[in-house]
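Read off the chains here:
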Amino acid sequence: MDVAIVGLGMHPFGRTPSMTGLEQGAAAARAALADAGVDFKKMEFAYGGSQDGGNADSLVNLLGLTGLQFTNVANGCATGGSSLHAAYSAIKSGQYDIGLVVGFDKHDRGAFNAKPADWGLDDWYGETGLMLTTQYFGMKIQRYMHDHGISRETLIRVAEKAFRNGSLTPTAWRKTALSWEEIENAPMVSEPLNKFMFCSPAEGGCALIVCRADMAHQLHPRPIYLKTAVVRSRNYGSFEVFSPSQPPEVANSPTVTASQAAFELAGVGPEDIDVAQLQDTEVGAEIMHMAENGFCEHGDQEKWLAEGATEITGRLPVNTDGGCLANGEPVGASGLRQVHEICVQLRGEGGARQVAGDPQVGYTHVYGAPGISGVNILAR
Amino acid sequence: MLEAKPLHEGLFTWPDAPPSLIGSRCLDCGEHAFPSQSSCRACSGQNMADVDLGNEGRLWTWTIQSFMPKTPYHTDETPETFRPYGVGYIELACGLKVESRLRENKADQLEIGMPMRLEIITVRKDDEGAELLTFQFCAAEEQD
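Note that the coordinates shown come from a computational prediction; the quantities given were computed from them, not determined experimentally. (Residues numbered from 1 in each chain as written. Chains lettered and ligands numbered in written order. Predicted model: local features only at pLDDT ≥ 70, side-chain atom pairs only at ≥ 80, totals over all residues. Heavy atoms only, no water.)

Peer 1: Give a description of the side chain of A:Asn194 that names residues and reports values.
Peer 2: Residue and element names in this part refer to chain A. As for its position among the elements, Asn194 is in strand S6 (residues 193-194). For Asn194, a relative accessible area of 0% gives the class buried. Among the polar contacts made by the side chain of Asn194, one reaches the main-chain amide nitrogen of Phe196 at a distance of 3.1 Å. With sequence-adjacent residues up to four places away left out, Asn194 is seen in contact with Arg152, Ile183, Glu184, Ala186, Pro187, Met188 and Val189. (Helix = DSSP H or I, 4+ residues; strand = E, 2+ residues; numbered from the N terminus. Buried < 20%, exposed > 50% of the residue type's maximum accessible area, 1.4 Å probe, protein only. Polar contact = N/O pair within 3.5 Å; in protein donor to acceptor, adjacent residues only side chain to side chain. Contact = heavy atoms within 4.5 Å.)

Peer 1: Help me get a handle on the interface of chain A and chain B, residues and values and all.
Peer 2: With 37 residues of chain A at the interface, the matching set in chain B holds 43 residues. Taking both partners together, chain A and chain B bury about 3400 Å²; carbon and sulfur atoms supply 59% of that area. The tally of links between chain A and chain B comes to 1 salt bridge. Here A:Glu127 ties to B:Arg124 by a salt bridge, and the two come within 3.1 Å at their closest N and O atoms. Put simply, chain A and chain B have 24 residue pairs in polar contact (both at pLDDT 80 or more) between them. Elements that contribute at least two residues to the side of chain A that touches chain B include exactly helix H4 (123-127), helix H5 (133-148), strand S5 (188-190) and strand S9 (245-246) of chain A. (Buried area = accessible area lost by both parts, 1.4 Å probe. Salt bridge = Lys/Arg side-chain N within 4 Å of Asp/Glu carboxyl O.)

Peer 1: Summarise the sheet that holds strand S3 (residues 69-72) of chain A; cite the residues concerned and give the values.
Peer 2: Hydrogen bonds along the backbone pair up the strands of a sheet, which may run parallel or antiparallel. All names here are of chain A. Strand order in this open sheet of 9 strands is S3-S2-S4-S7-S1-S8-S12-S11-S10, and the pairing throughout is mixed. Taken across any chain shown, the strands that pair with only one partner, and hence form the sheet edges, are S3 and strand S10 (275-278). When the angles between neighbouring strand axes are averaged without regard to direction, this sheet yields 20°. Pairing geometry for strand S4 (residues 98-106) and strand S7 (residues 203-212), over 9 bridges, is antiparallel. Looking across to S7, one finds that Phe104 is bridged to Gly205. Here helix H9 (residues 254-266) sits on the sheet in contact with strand S8 (224-233), strand S11 (361-368) and strand S12 (372-379), set at roughly 145° to S8. (Pairing = 2+ DSSP bridges. Axes fitted to C-alpha atoms, helices over the stretch in contact; angles between N-to-C directions.)

Peer 1: Report on the pattern of salt bridges, specifying residues and quantitative values.
Peer 2: Residues and elements named next belong to chain A. Counting across every chain of the model gives 20 salt bridges over all chains. Between Arg337 and Asp321 there is a salt bridge, with the nearest N and O atoms lying 2.9 Å from each other. Taken together, the positions of Arg337 in helix H13 (residues 331-347) and Asp321 in the loop between helix H11 (301-307) and helix H12 (323-327) put the pair 16 residues apart, joining distant regions of the chain. Each member of the pair, Arg337 as well as Asp321, is classed as buried.

Peer 1: Can you break down the domain arrangement of chain B residue by residue, with the values?
Peer 2: All names here are of chain B. Looking at chain B, the domain boundaries give domain 1 (5-19 + 55-139) and domain 2 (21-53). One C-alpha centre belongs to domain 1, the other to domain 2; they are set 22 Å apart. Tallying the contact residues gives 12 residues for domain 1 and 8 residues for domain 2. The largest per-residue losses of area from domain 1 upon contact with domain 2 belong to Leu11, Cys94 and Leu96, which jointly make up 44% of the total buried on that side. (Domains from an automatic or database assignment.)

Peer 1: I'd like a description of the side chain of A:Arg353, backed by residues and values.
Peer 2: Looking at the secondary structure, you find A:Arg353 in the loop between H13 and S11. A:Arg353 has contacts with A:Leu168, A:Thr169, A:Pro170, A:Ile312, A:Thr320, A:Asp321, A:Glu341, A:Val344 and A:Gln345, leaving out every residue within four places of it along the chain.

Peer 1: Requested: an account of a negative patch on the surface, with residues and values cited.
Peer 2: All names here are of chain A. Residues Glu153, Glu181, Glu182 and Glu184 make up a contiguous surface patch of negative charge. Per-element accounting of the negative patch gives the leading share, 3 residues, to helix H7 (residues 180-184). Inspection of the secondary structure assignment puts Glu182 in helix H7. (Patch = residues over 30% accessible without salt bridge, like charges linked within 9 Å, V, L, I, M, F, W, Y side chains within 5 Å. Areas by Shrake-Rupley, 256 points an atom, 1.4 Å probe, with all protein chains shown as cover. Lys, Arg positive; Asp, Glu negative; His and termini not counted. Charge placed at Lys NZ, Arg CZ, Asp CG, Glu CD.)

Peer 1: Describe the packing of H5(A) against helix H10 (residues 283-292) of chain A, with residues and values.
Peer 2: All names here are of chain A. Put simply, H5 and H10 touch, their axes get as near as 9 Å, and they point 55° apart. As summarised for this structure, H5 and H10 are arranged oblique, according to the angle between their axes. Seen along the crossing, H5 lies across H10 with a hand that is left-handed. Contact with H5, carried on its side by Lys140, Ile141 and Tyr144, involves Gly284, Ile287, Met288, Ala291 and Glu292 of H10 and no other residues of that element. Considering only residue class, the contact of H5 with H10 consists of 5 nonpolar, 1 polar and 2 charged. (Parallel < 35°, antiparallel > 145°, perpendicular 65-115°, else oblique. Left-handed = near helix turned anticlockwise from the far one by under 90°. Nonpolar A, V, L, I, M, F, W, Y, C, P; charged D, E, K, R; others polar.)

Peer 1: Provide a residue-level description of the packing of aromatic side chains, including the pertinent values.
Peer 2: One pass over the structure, following the stated rule, counts 18 aromatic pairs over all chains. Centroid distance A:Trp124 to B:Phe135: 5.7 Å. Interplanar angle 55°. Geometry classified as tilted. Remark: B:Phe135 occurs in strand S9 (residues 131-139) and A:Trp124 occurs in helix H4; the pair is interchain, linking two chains. Note on B:Phe135: relative accessible area 2%, which makes it buried. In this structure an aromatic cluster arises from ring pairing among A:Tyr136, A:Phe137, A:Phe239, B:Trp60 and B:Tyr89. If you follow A:Arg315 out to its NZ or CZ, it ends over the ring of A:Trp304, 4.4 Å from the centre. In this structure, B:Lys97 is placed above the aromatic ring of B:Trp60, and the distance from its NZ or CZ to the ring centre is 4.6 Å. (Phe/Tyr/Trp six-rings, centres within 6.5 Å; stacked < 30°, edge-to-face > 60°. Lys NZ or Arg CZ within 6 Å of the ring centre and 35° of its normal.)

Peer 1: Kindly report on helix H6 (residues 152-166) of chain A, identifying the contributing residues and their values.
Peer 2: Residue and element names in this part refer to chain A. With 15 residues, H6 should reach 21 Å at 1.5 Å per residue; the first-to-last C-alpha distance of 22 Å fits that figure. Most of H6 is tucked away: 11 of the 15 residues are buried. Restricting attention to buried positions, one finds in H6 the residues Thr154, Leu155, Ile156, Val158, Ala159, Glu160, Lys161, Ala162, Phe163, Asn165 and Gly166. (Expected span 1.5 Å × (residues − 1).)

Peer 1: So what about the packing of H6(A) against H10(A)? Which residues, and what values?
Peer 2: Residue and element names in this part refer to chain A. In contact at an axis separation of 9 Å, H6 and H10 are set at 100° when each is read in the N-to-C sense. As summarised for this structure, H6 and H10 are arranged roughly perpendicular, according to the angle between their axes. Facing H6, whose interface residues are Thr154, Leu155, Val158, Ala159 and Lys161, H10 presents Val283, Glu286 and Ile287. The residue makeup of the contact of H6 with H10, split by class, is 5 nonpolar, 1 polar and 2 charged.

Next comes the structure, spelled out in C-alpha cells:
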C-alpha cells in the first residue's frame, strides 16, 4: 500500500514565550488535522518526538484521550525523519490506514549542552571542552574545504541564500535578508564558521497526516505521495560528532547510504528531483550534503553556488524556506518542517518562494548526531 | 603541595616523560581505538589489548573554540579569564585520528598537515587543591 500525506500543520518556528513545547506541538497537530479535514478521533496511530519539550505522547492530554497507539521517537536531529519513517512503515505494512506524525521542541538559547554519559563517553570529554557540536561542524567543513577546494565565498553564499529565502517565508524565524558584508564580518564561532553560518536552537511544532494512498483524495484534493522513507546510521569510519578518535580510512557518511537506498527504492535519480531540503545545521553541512546526497560531485558546489543553481530560480532549489539557518532548529520538529516545505512546493502553495515550472518530485534529507540520516522522496 | 594527577585514568601515561597516549588495538582485525575500548568498533570482536599510541602526529583538521562552553565544561576559568582554545584531530603513526585540545588558538597558527606533539596540561584543581591533568597537542617545532 502506498503512502500519502494529506495534512500539513505548523506552529511557526522561532520563539513563542506564551506557549509550552507541547502546546506548540498540539497547535501544529490541530493545523494538520484541519488541513486534511479530519478529526483527531480518526487517528489510528501517532509517532512523535521532542528533545527538550516533553513527552510527545502527552499531547493526548491536549488533543484527546482516544486510546490510539502513540509511540515516542527520540533520534536526535533525525527525530522527525525517524517518526515519518515509522509512520510510513505502519501504513505500508497494511496495519493502519491513517495516522499523525508530530514533532515539537522548546530549547534554551545558545548551543546545546550534551552530557557525555548519554553518548557513551566519560566525563573528561565534556569537562575538557570537546563536547560541542559546533566544533565538529567547523572541523568537518575545514577538512572538506582543504580536500575539495571550497572557498569561504561559497560559505557566505549559502548563508545569503538562506536568509533571502527566509525573508520570503511567512513562518520563518529569521525573515530579514542579510548582506554579504553582514555575513562576512559576523563574529567567529568555530573556525571557519561564524555566527550567521550556524542555525540556532529554537522552538516550534510541525505535524503531518499520513494515510493509505487509495483514500488520499477523499481527504485532500492535492495529496503528496511519500515514495520512500529511509533512515540509516553510521558505518565504521564515517566522520561523526562526539568521536574521541576516528579510524584511518574515512567511510561514506550515513547520508550517502540513506540517499543511495532512497533513490534505489523510489526508482528515481538525483536528476529527477525538482526541489530539495538538505540539512543545513550550518552552511558547511548544506554544501557537503549536496554531494553526499548525489546531486553533484565533491568540489562542484563551488561552481553550483556561484551560478545560483540552488536558488529558488536555479536548476535544483535547495532549502526554499531558508532551511534550518532561517527557521532555527527545534530538534523534534525540524525534520518534519523539511517535509512540510516540500509538500507546500509540490502543492504549488509556496507563494513568494514557490519554485516555478510545476515541480513534481521533491527530496528531504535530515542528519543528526551521532550519525543518523533520514531521506524522504516525495511526489505529486 | 599535593601531587598532580590525571583527570581521567587510562588516557595517557603518567608520570612519564615524555608522556604517551594509551589506546587499544583489536587482536582480531588490527584496528585501533582511543580511548581504550573493550570491544572493537570495526569487527565487533572483544579481543582487545591496550597499546602505546605514541605522542606525535599531524594535524588532520582543526577549529577554534571561541566562546566559553556551558556545562559539562569544567575548568577554573570564568567568562572573564576564558581563553579560546584550538580543537583538532591528530593523525597518529598508526593512522588513528585522535581528537584533542590544541595549544594554538589562532587561525594563522594552524594548518592541516603540520607536525604536532603531545603535552600534558592542567584542567583545574580538585577540592583538595590537587591539579587535575589532561592531554593536548601543540605545534611540534615550538620550544617550551
